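# Notes for the structure review
The lines below spell out each chain.
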Amino acid sequence: MADIEKAADVNSGEVVPFPGEPKPDAAAPTPARVLAVANQKGGVGKTTTAINLGTALAAIGERVLIIDLDPQGNASTGLGIDQKSRQISTYDLITGERPLREAILATAVPHLHIAPSTMDLSGFELEVGHSRDRAYRLRAALGKLNEVAPGQVAYTYVLIDCPPSLNLLTINAMAAANAILVPLQCEFFALEGLSQLLKTVEQVKQTLNPELAIHGIVLTMFDARNNLSGQVVADVRAFMGAKVYDTIIPRNVRVSEAPSYGKPVLVYDLKCVGSEAYLRLATEIIQREKQFRERRAS
Ligand SMILES: Nc1ncnc2c1ncn2[C@@H]1O[C@H](COP(=O)(O)OP(=O)(O)OP(=O)(O)O)[C@@H](O)[C@H]1O
Ligand SMILES: [Mg+2]
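Residues numbered from 1 in each chain as written. Chains lettered and ligands numbered in written order. Predicted model: local features only at pLDDT ≥ 70, side-chain atom pairs only at ≥ 80, totals over all residues.

## What about the site of ligand 1?
Worth spelling out the cut-off: Any residue whose C-beta atom, as placed from the backbone, lies within 6 Å of a molecule or strand is termed near it. Every helix listed is a DSSP run of H or I at least four residues long, and every strand listed is a run of E at least two residues long, numbered separately from the N terminus. Note that Gly is not counted as nonpolar here; it falls among the polar residues with everything else outside the nonpolar set of Ala, Val, Leu, Ile, Met, Phe, Trp, Tyr, Cys and Pro and the charged set of Asp, Glu, Lys and Arg.
Neighbouring ligand 1 are 20 residues, the closest being K46, T47, T48, P164 and S256. Elements supplying a minimum of two residues to the shell around ligand 1: α2 (46-59), β7 (213-222) and α11 (253-257). Considering each element in turn, the shell around ligand 1 owes the most residues, 3 residues, to α2. Class assignment of the residues belonging to the shell around ligand 1 gives a composition of 6 nonpolar, 11 polar and 3 charged.

## Some remarks on the nonpolar core
Note that soluble globular proteins tend to have their nonpolar side chains buried in a common cluster. To keep things clear, this is the line we draw: What we call a nonpolar core is a set of buried Ala, Val, Leu, Ile, Met, Phe, Trp, Tyr and Cys residues whose membership is set by joining through C-beta atoms within 7 Å. Counting other C-beta atoms within 10 Å of each residue's C-beta, where C-beta atoms are placed from the backbone, gives the exposure class: buried for 20 or more, exposed for 12 or fewer, partly exposed between. By the convention adopted here, residues are in contact when the distance between their C-beta atoms, placed from the backbone, does not exceed 7 Å.
Core analysis: the biggest nonpolar cluster contains 85 residues, and I160, A173 and A177 have the highest contact counts within it. Other than its neighbours up to four places away in sequence, A177 contacts V34, L35, A36, I160 and L212.

## Details of helix α10 (residues 227-240)
Using the following cut-off: Each residue after the first adds 1.5 Å to the expected span of a helix.
With 14 residues, α10 should reach 20 Å at 1.5 Å per residue; the first-to-last C-alpha distance of 20 Å fits that figure. Looking at the residues trailing α10, positive phi occurs at G241, about 50 degrees.

## Thoughts on the packing of α2 against helix α13 (residues 273-297)
Selection criterion: Fitted lines through C-alpha atoms give the axes, limited to the stretch in contact for helices. The angle between two N-to-C directions lies from 0 to 180 degrees. Note on terminology: angles under 35 degrees are roughly parallel, angles over 145 are roughly antiparallel, angles of 65 to 115 are roughly perpendicular, and the others are oblique. Working rule for handedness: look at the near helix, and if it is turned counterclockwise from the far one by less than a right angle, call the crossing left-handed; if clockwise, right-handed.
The N-to-C vectors of α2 and α13 enclose an angle of 65 degrees; their axes lie 8 Å apart at closest approach. Compared by their axis directions, α2 and α13 come out roughly perpendicular. In this structure, α2 meets α13 at a crossing whose hand is right-handed. Residues N52, L53, A56 and L57 of α2 touch α13, and the partners they reach there are Y278, L279, L281 and A282. Tallied by class, residues from the contact of α2 with α13 come to 7 nonpolar, 1 polar and no charged.

This is the structure we're talking about:
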């Protein structure tokens, strides 16, 4: 929590204005919806969800950009981006060295692009931790994303793959996002850490980004043969109610094999249960987006 207090000057109790935020303008390009895939617990399926939800959204007609905000670079590797192609990375854009458009690379999936990461990102906190706009670096980089030049695409979704920590990188993602998508692994300690995450979201909302919402919680790695998985689903639904998506991602060996081929599971094996689940999740997310839009309009 110290990170966020540092980042947000929360003690003042005021929303820190994002420097240079443009006023909404009727002629402005439609901004992409920005969803941060976040959970400070490691190995719960954040990257797998970013890659495969991104692929599923692209497959149903959305234009998707994945921002790899984890120094581990698993989303970049899982989408087949090798180290030497990562000449410009998310580190360069959050340090303000290069504009976001220059970091973006196409993937093998039509309409799915990625801004890759490198290990440099791990130095971000030390390097910019004292600058006043430290929590808004990603938001600033995303600001002009859809001011497209001829031949460039306007994105409809941006998915941010967060690192397994509530550090300044994750705070940047939360400050830049419209909503958070939380993968929870169906295992004994699933709920552990969730209250801390929800508390952080609430603090970011009060200090950095008043619009931040919880988009939903996706249960991952469900194992039907394991009684515990069923109990975890019941507990999480009892605790979080309608915030939990109906779609549950099963544990599926094809899902875990796909990244080693540098492919999303939907490309590696479209017919497997993991691919089907991520397609269902994409449909559910689009339905929820429609409800969000209707609520905002009313
Ligand atoms: N549905 C699934 N079925 C089987 N294996 C899965 C599934 N989802 C994820 N995995 C595997 O679990 C491991 C952790 O998944 P992933 O890397 O997506 O988690 P993460 O939350 O991004 O991890 P980190 O916190 O390290 O960034 C990976 O080896 C991945 O292949
Ligand atoms: Mg990851």
